[in-house]
Amino acid sequence: MPNSTKTKMENRRHVGDPGLLVHRIVAYTVLFLLCFICLFFFYVLIINSTHNHFDIQRGFSVLPGSSFFTNLYNTTHDANIPVLTGLRNSLVVAACSALLSVYFSSLTAYAVYAYNFKGKNVLFAIVLLIMTMPTQVSALGFLNLMDAFHLTNTLWPLILPSLAAPSVVFFMKQFMDSSLPKDIIEAARIDGSGEFQTFNRVILPILMPGMAVQAIFSFVASWNNYFIPALIIDDAKMKTMPILIAQLRSADFLKFDMGKVYMMIFIAILPVMIVYLCLSKYIVRGVALGSVKG
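Bear in mind that the values here come from a model prediction, so they are computed numbers and not experimental data.

Thresholds applied
Residues numbered from 1 in each chain as written. Predicted model: local features only at pLDDT ≥ 70, side-chain atom pairs only at ≥ 80, totals over all residues. Heavy atoms only, no water. Phe/Tyr/Trp six-rings, centres within 6.5 Å; stacked < 30°, edge-to-face > 60°. Buried < 20%, exposed > 50% of the residue type's maximum accessible area, 1.4 Å probe, protein only. Core = buried A, V, L, I, M, F, W, Y, C linked by side-chain atoms within 4.5 Å. Helix = DSSP H or I, 4+ residues; strand = E, 2+ residues; numbered from the N terminus. Salt bridge = Lys/Arg side-chain N within 4 Å of Asp/Glu carboxyl O. Contact = heavy atoms within 4.5 Å.

Engineer: Looking at this structure, I do not really get the packing of aromatic side chains. What am I missing?
Structural biologist: Within the structure shown, the criterion is met by 13 aromatic pairs. Arranged with centres 5.4 Å apart and planes meeting at 90°, the rings of Phe68 and Phe69 form a pair that is edge-to-face. Judged by relative accessible area, Phe68 falls into the partly exposed class, the value being 23%. The class of Phe69 is exposed, set by a relative accessible area of 67%. Taking the centre distance of 5.3 Å and the plane angle of 50° together, the rings of Tyr110 and Phe199 count as tilted.

Engineer: Hey, could you run me through the nonpolar core in this one?
Structural biologist: Most often, soluble globular proteins keep nonpolar side chains buried together rather than apart. Formed by 24 residues in total, the largest nonpolar core has its most connected members in Tyr110, Met172, Met176, Ile185, Ile203 and Leu207. For this core, the elements supplying multiple residues, two or more each, are helix H5 (83–114), helix H9 (166–179) and helix H11 (195–223). Per element, the largest residue contribution to this core is 8 residues, and it comes from H11. Judged by nonpolar contacts, the second largest core, of 22 residues, contains Trp223, Phe256, Ile269 and Val272.

Engineer: Please explain the pattern of salt bridges as it appears in this structure.
Structural biologist: Between side chains of opposite charge, pairing is possible as soon as their charged atoms come close. Taken as a whole, this structure holds 5 salt bridges when the rule is applied. Across the pair Asp55 and Arg58 runs a salt bridge, and its minimum N-O distance is 2.1 Å. Look at Arg58 and you get exposed, because its relative accessible area is 67%. The network of salt bridges with shared partners includes Glu186, Arg189 and Glu195.

Engineer: What's the story with the environment of Asp234 in this structure? I'm lost.
Structural biologist: Relative to the helices and strands, Asp234 is located in the loop between helix H12 (227–232) and helix H13 (241–249). According to the relative accessible area criterion, Asp234 is exposed, its value standing at 58%. Here the alpha-carbon distance between Asp234 and Thr152, two residues 82 residues apart in the chain, equals 8.3 Å. Excluding residues that lie within four positions of it along the chain, Asp234 makes contacts with Asn153 and Lys239.

Have a look at this one:
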């Protein structure tokens, strides 16, 4: 019997298998529930951003309200909460951090991957150890250092540390192990290409899926960062969105407006959703290629 006919018969047998059908139903049911749980909170956020404070206090409504533009106006025209300025600051910090972290971390991982030098394994082990150190442990020393350099109340302390991102270095090193043949590097060297030229013109296009994944993660982590900006920044013109959201949430009870809070959160997650939608096609491919080879 030809292989194609045998394969068709096996597929028909599997399709008619009651056990397989039950497994598919259970799998799709679980996936539907997980998707519902993940997306329901976004739906609640969007719906509540269209209601005023008193409607939200009465309870959740499935249908949208008519106060979306009112909440948007009240949020963007609050003199005490400069939302547009905070949005600009967060965009600058998140975008610069994502670009710097993926480029310089990829460059560091490339050095570990492409060169053989004494202490290479020790250096990579130190990078892994740094990944285990919580941010809170070094926060006081970092604050004193930035104060000594007179960089407090600026955005530089939120951007410059992205030059050294151990988790991105580790991921990109694993990505290179699984998807970057060293023969390409040797061929570029034989053709007379310089090291930086080889990295920028030959290696970077191959690393683009993994870099896109890490750009998303770095952008979201920097965008949601609250701890370090709260320590560094006191000037209202330099505050980022997480600080402004916390500041609005802790406002006076008589002036507290739930509609403005939900609208500000909606504004805060909108850039993250746009970045994710633009780069999401790289996530599955990048994570799969960057996984450890068996």
